[in-house]
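Coordinate analysis (summary)
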Amino acid sequence: MNIDQIEHKTEIDMSVELAGIRMKNPILTASGICGYGLEYLPYLDLGKMGAFTTKSITLEPRDGNPAPRMAETRAGLLNSIGLANVGVDKFIVEKLPQARRLDIPIFVNVAGRTVEEYCEVASRLDEQDAIAGLELNISCPNVACGALEFGVDADQAGMLVSAVRKVVKKRKLIVKLTPNVTDISDLARAVVDAGADILSLINTLRGMTINIENRHPILPRGVGGLSGPAVKPVAVYCIWKVYNEVAGKQNIPIIGIGGVQYWSDAIELMLAGATAVAMGTVMYVNPQAPLEALVGMEDYCRRHKVDRIADIIGTAEPPRAI
Ligand SMILES: Cc1cc2nc3c(=O)[nH]c(=O)nc-3n(C[C@H](O)[C@H](O)[C@H](O)COP(=O)(O)O)c2cc1C
């Protein structure tokens, strides 16, 4: 694989636009995978990606959950990191200037346990010119609501997003949806009505794995978030549904996430309705996967006589039986 190929084959326009944010290509990192940016540089030239997403940032620094925080499953990964991060102040002073050097759009993922915490973190980040957009991780327990996740209840999610929208004036607001709901379009509708500029989906699926010898769940908290190839069909379905029922109708771009390993997976998510595609778990197996995917995506466009990759967004044919 010659990575320089990407720059030489210029005839396909690989750029996409996310609510006014231009990405030179549709591939970005998923939150939580490459830290704050520079940690991953020995393994992958992140500057060649279309954008970069940081791990979740909270108001105070957090140590996260006890180890082990990850457990491998047959076709994926269960994680229970617990939002370990340096906190917003240290992020702004120490990490953001480094991430800025990547010279691609930076999306900062924001998490919290109360509406006030989300708003406080978001308003501080809104002042930072280095940031293109804030991605709200709404799969966090709401302490005011019996620890029910914000993202599983349309009213709670809408209320959170409208509160954050009031303080986010300069950056684009991305809302990251969880698949752990009955109808993801209800959630999409609620957060778009509340002011989201961009949707990203999916976050991890709830799962569990048990050591059959000692009979303990492998993750200390029992439950974890499932990611990797096992979740890709769930991601395709959720993106297709949200694109057709909500986002496509209102011109809200989608960042597709979930189980993307190869170029063909990224194309599939774009056909389902994603404007850009984030890669996560695969990068632990093959850090070069995003750049390899870009080469394959260009070849796909060439074979299908597509001049601009943006032209394939949401072009999946309807199911035959409808
Ligand atoms: C180790 C790990 C850490 C993650 N941390 C975060 C996080 O901090 N915030 C967030 O919104 N999503 C986080 N995610 C979810 C990913 O961003 C992504 O939505 C999910 O893993 C599905 O994509 P994938 O199958 O390509 O990994 C994390 C996932 C993994 C595997």
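For the structure itself, consult the block above.
The model shown is predicted, which means the values in this text are computed figures rather than measured ones.

It is worth spelling out the overall build of the protein chain at this point. The secondary structure content of the protein chain amounts to 9 helices and 14 strands. Each principal axis of the C-alpha atoms in the protein chain carries an extent, and together these give about 55 × 50 × 50 Å. By residue count, 54% of the 322 residues in the protein chain fall in the buried class. Sequence-distant contacts in the protein chain: of pairs separated by 6 or more residues, those separated by 24 or more amount to 71%. Accessible surface, the protein chain as shown: approximately 14,300 Å² in total, 50% of it carbon and sulfur. Positive and negative side-chain charges in the protein chain, numbering 33 and 37 respectively, have mean positions lying 1 Å apart.

This brings us to the packing of helix α4 (residues 154-167) against helix α5 (residues 184-193). Contact geometry for α4 and α5: axes closest at 8 Å, N-to-C directions at 25°. With respect to their mutual orientation, α4 and α5 come out roughly parallel. For the element pair α4 and α5, the recorded crossing hand is right-handed. The residues of α5 that touch α4, namely those facing Ala154, Ala157, Gly158 and Val161, are Asp186, Leu187, Ala190 and Val191.

So, on to the packing of helix α7 (residues 263-272) against helix α9 (residues 289-303). One can describe the packing of α7 onto α9 by two numbers: an axis separation of 8 Å at closest approach and a directional angle of 60°. Relative to α9, α7 is oriented oblique. Between α7 and α9 lies a crossing whose hand is right-handed. Only Ala293, Gly296, Met297, Tyr300 and Arg303 of α9 make contact with α7, whose side of the interface consists of Trp263, Ala266, Ile267, Met270 and Leu271. Looking at the contact of α7 with α9 residue by residue, the class counts come to 8 nonpolar, 1 polar and 1 charged.

The subject of this paragraph is the pairing of strand β13 (residues 254-257). Two faces, one strand: in a regular strand the side chains alternate between the faces of the sheet. Of the two faces of β13, the one carrying Ile254 and Gly256 and the one carrying Ile255 and Ile257 are both buried. Of the pairings in the sheet, the one linking strand β10 (residues 198-201) to β13 comprises 3 bridges and is parallel in character. From the neighbouring strand, leucine 201 faces β13, where its bridge partner is glycine 256. In the sheet, β13 pairs with strand β14 (residues 276-279) via 3 bridges, with the strands oriented parallel. The partner of isoleucine 257 across the bridge, within β14, is alanine 278.

Ser31, Lys176, Gly228, Gly259 and Thr281 are the nearest of the 23 residues found near the ligand. One of the side-chain nitrogen or oxygen atoms of serine 56 is found 2.8 Å away from a nitrogen atom of the ligand. A distance of 2.7 Å is found between an oxygen atom of the ligand and a backbone nitrogen or oxygen belonging to glycine 259. Coverage of the ligand by the protein chains reaches 95% of its 610 Å² of free accessible surface. Considered class by class, the residues forming the shell around the ligand number 8 nonpolar, 14 polar and 1 charged.

A separate point is helix α3 (residues 115-126). Owing to its 3.6 residues per turn, the α-helix aligns residues three or four sequence positions apart on the same side. Counted at 1.5 Å a residue, the expected span for α3 with its 12 residues is 16 Å, and the 16 Å between its end C-alpha atoms agrees. Taken as a whole, α3 has its buried residues at Val115, Glu117, Tyr118, Cys119, Val121, Ala122, Leu125 and Asp126.

Leu125, Leu177, Leu199 and Leu201 are the most contacted members of the largest nonpolar core, which totals 104 residues. Sequence-distant contacts of leucine 125, defined by excluding residues within four places in its chain, comprise Val88, Phe91, Ile92, Val108, Val110, Ile131, Leu134 and Arg171.

To continue, consider the pattern of salt bridges. By the definition in use, this model includes 16 salt bridges. One salt bridge in this structure joins glutamate 268 and lysine 232, with 2.7 Å as the shortest N-O distance. Within this pair, whereas glutamate 268 is found in helix α7, its partner lysine 232 is found in helix α6 (residues 232-250), the two being separated by 36 residues in sequence. In this structure, aspartate 311 and arginine 308 form a salt bridge, with 2.6 Å as the shortest nitrogen-oxygen distance. For arginine 308, a relative accessible area of 40% translates into the label partly exposed.

What counts and what doesn't
Residues numbered from 1 in each chain as written. Predicted model: local features only at pLDDT ≥ 70, side-chain atom pairs only at ≥ 80, totals over all residues. Heavy atoms only, no water. Helix = DSSP H or I, 4+ residues; strand = E, 2+ residues; numbered from the N terminus. Buried < 20%, exposed > 50% of the residue type's maximum accessible area, 1.4 Å probe, protein only. Contact = heavy atoms within 4.5 Å. Areas by Shrake-Rupley, 256 points an atom, 1.4 Å probe, with all protein chains shown as cover. Lys, Arg positive; Asp, Glu negative; His and termini not counted. Charge placed at Lys NZ, Arg CZ, Asp CG, Glu CD. Axes fitted to C-alpha atoms, helices over the stretch in contact; angles between N-to-C directions. Parallel < 35°, antiparallel > 145°, perpendicular 65-115°, else oblique. Left-handed = near helix turned anticlockwise from the far one by under 90°. Nonpolar A, V, L, I, M, F, W, Y, C, P; charged D, E, K, R; others polar. Pairing = 2+ DSSP bridges. Near = heavy atom within 4 Å. Polar contact = N/O pair within 3.5 Å; in protein donor to acceptor, adjacent residues only side chain to side chain. Expected span 1.5 Å × (residues − 1). Core = buried A, V, L, I, M, F, W, Y, C linked by side-chain atoms within 4.5 Å. Salt bridge = Lys/Arg side-chain N within 4 Å of Asp/Glu carboxyl O.

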